[in-house]
Amino acid sequence: MKEIHKIYSANFLMGAAYSVAVIETLYRLSHGLDQTQIALLSSVFFISYALLEIPTGGFADTFGHKKSVFLGLVIHALAPLLVGLSPTYSMFLIGAVLAGLGIALQSGAFSSLTHDIVLRQGMSENYPQAQGKSSAYLLLGTLSASSIVSLIYKDFPQLPYLLSSLFLFLAALLIYLVQWEFKGDKPSLQIYFQKIKRGVLLSFAKKQIFGLIILGSVLFFVGSLYANNIHQPLQVLFGIPVALFGIIAAIFSGCKALVSAYSYKILQKIGSNASLLLSIFLTSFAFLVLSRINSITGVAIMLLLFLAASFKDQILLILLQKEINNDERSTMLSTYSFLTFIIVGITMPLGGYGIDMFGIQNILLILSVLTLAAGLTGWLLFKYNQNTRSNISKV
């Protein structure tokens, strides 16, 4: 099996593991959590992830991207295992910390490992396609498992979490089997701290990255609050049976997979500035419409919101890969993630409290305005500090 196909297969298994999100909010509510507590869990995850993101990025650059991804998947697999075996609030909190550490070890390292593999094959220009395919396989995994998860949940509510853990362990095994040669100085703690320092300084020196941080933070915050606190209760409000949640999620995942696979082509055709604007306006529009309707037709707008998020994820990742230095690739990506996640981690409890106080519909309207105002601020900072964007085909 070619190494890139092992990456694709691991992403597919990870997508299957992530399908537990189809019932996650309902699972938490069924064990006595309110919206503020659910948002607090998200906050613990995001802050844990953020605090560990830069050190783990330095670990990946120093000791190897493959080793970092492998360890991250193993640690991440422990989170759903604990929550599935003992669904208490304390275990939810421990699971959030473990997931934060696991994903921090994977985040910048996974895309960097993909970049390393296509670079070794002498096809670095194909990285955007390879990254898009990886994301598509991730979503296809979610598509394949989502409908099954919602059916299993009815009679065996804890089983989806145990299966999620199993899929993550299998993904870790595939990464372990990837043939990857570490290139760089002999690993040491001195080099580790040097790479962290240099990667962070380079990140702060580029104002384009700050623009992407602002834009990414607001889109990530509104998307996370919606996905973790609003999406499933809103489906219930629309009169959709819980048994259909998985089918809807599968359809959404299939559509998102197509968007992920072809996002780079849209980027090449319309350019980075127009692509970022498209993400902002589509997201704001979707929240505005969802705040005004109360029927099953809202499912179409939900799909639009998820497609905009999928497109945004790919565009930001490709643009970040273009801006960063190769030797500190994981550290610089981790710096972006650190700042983005710490902002979201601090603000998530406020979002959950807002839902408890003002209701879902009013919060959706606020999210629409926030997306437009803060998103355009980040876009303007990115646009006016570009070195060059005239030849987007080099992305």
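Scroll up a little and you will see the structure.
Residues numbered from 1 in each chain as written. Predicted model: local features only at pLDDT ≥ 70, side-chain atom pairs only at ≥ 80, totals over all residues. Heavy atoms only, no water.

K.L.:
Would you take a moment to explain a nonpolar patch on the surface for this structure?
P.N.:
A cluster of nonpolar side chains, namely F156, L159, L163, L166, L170, L173, Y176 and L177, defines an oily patch on the protein surface of about 740 Å² accessible area. Relative to the helices and strands, L163 is located in helix 7 (residues 159-176). (Patch = residues over 30% accessible without salt bridge, like charges linked within 9 Å, V, L, I, M, F, W, Y side chains within 5 Å. Areas by Shrake-Rupley, 256 points an atom, 1.4 Å probe, with all protein chains shown as cover. Salt bridge = Lys/Arg side-chain N within 4 Å of Asp/Glu carboxyl O. Helix = DSSP H or I, 4+ residues; strand = E, 2+ residues; numbered from the N terminus.)

K.L.:
Sorry if this is basic, but what is going on with the nonpolar core here?
P.N.:
It is characteristic of soluble globular proteins that their nonpolar side chains tend to be buried jointly. Of all hydrophobic cores here, the largest spans 52 residues; its most connected members are I23, Y226, I230, L234, L290, L364 and L367. Top contributing element to this core by residue count: helix 9 (residues 207-237), with 7 residues. Beyond its immediate chain neighbours, meaning those up to four positions away, L364 contacts Y226, I230, L234, F287, L290 and S291. By size, the runner-up hydrophobic cluster in this structure holds 26 residues, among which are I4, M14, L138 and I175. (Core = buried A, V, L, I, M, F, W, Y, C linked by side-chain atoms within 4.5 Å. Buried < 20%, exposed > 50% of the residue type's maximum accessible area, 1.4 Å probe, protein only. Contact = heavy atoms within 4.5 Å.)

K.L.:
What should I look at first to understand the side chain of S263 in this one?
P.N.:
Mapping S263 onto the fold places it in helix 10 (residues 245-270). Apart from residues lying up to four places away in sequence, S263 is in contact with F311, Q314 and I315.

K.L.:
How should I be thinking about the environment of I148 in this particular structure?
P.N.:
For I148, the position within the fold is in helix 6 (residues 127-155). Separated by 99 residues in sequence, I148 and I247 place their C-alpha atoms 8.4 Å apart.

K.L.:
Please clarify how the packing of helix 11 (residues 272-290) against helix 14 (residues 360-383) should be interpreted in this entry.
P.N.:
For any two helices packed against each other, the geometry comes down to the angle between their axes and how far apart the axes lie. For the pair helix 11 and helix 14, the least separation of the axes is 7 Å and the interaxial angle reads 170°. When the axis of helix 11 is compared with that of helix 14, the two are roughly antiparallel. Across from S272, N273, L276, L277, I280, F281, T283, S284, F287, L288 and L290 in helix 11, the residues of helix 14 making contact are Q361, L364, L365, L367, S368, T371, L372, G375, L376, W379, F382 and K383. Tallied by class, the residues present in the contact of helix 11 with helix 14 amount to 14 nonpolar, 8 polar and 1 charged. (Axes fitted to C-alpha atoms, helices over the stretch in contact; angles between N-to-C directions. Parallel < 35°, antiparallel > 145°, perpendicular 65-115°, else oblique. Nonpolar A, V, L, I, M, F, W, Y, C, P; charged D, E, K, R; others polar.)

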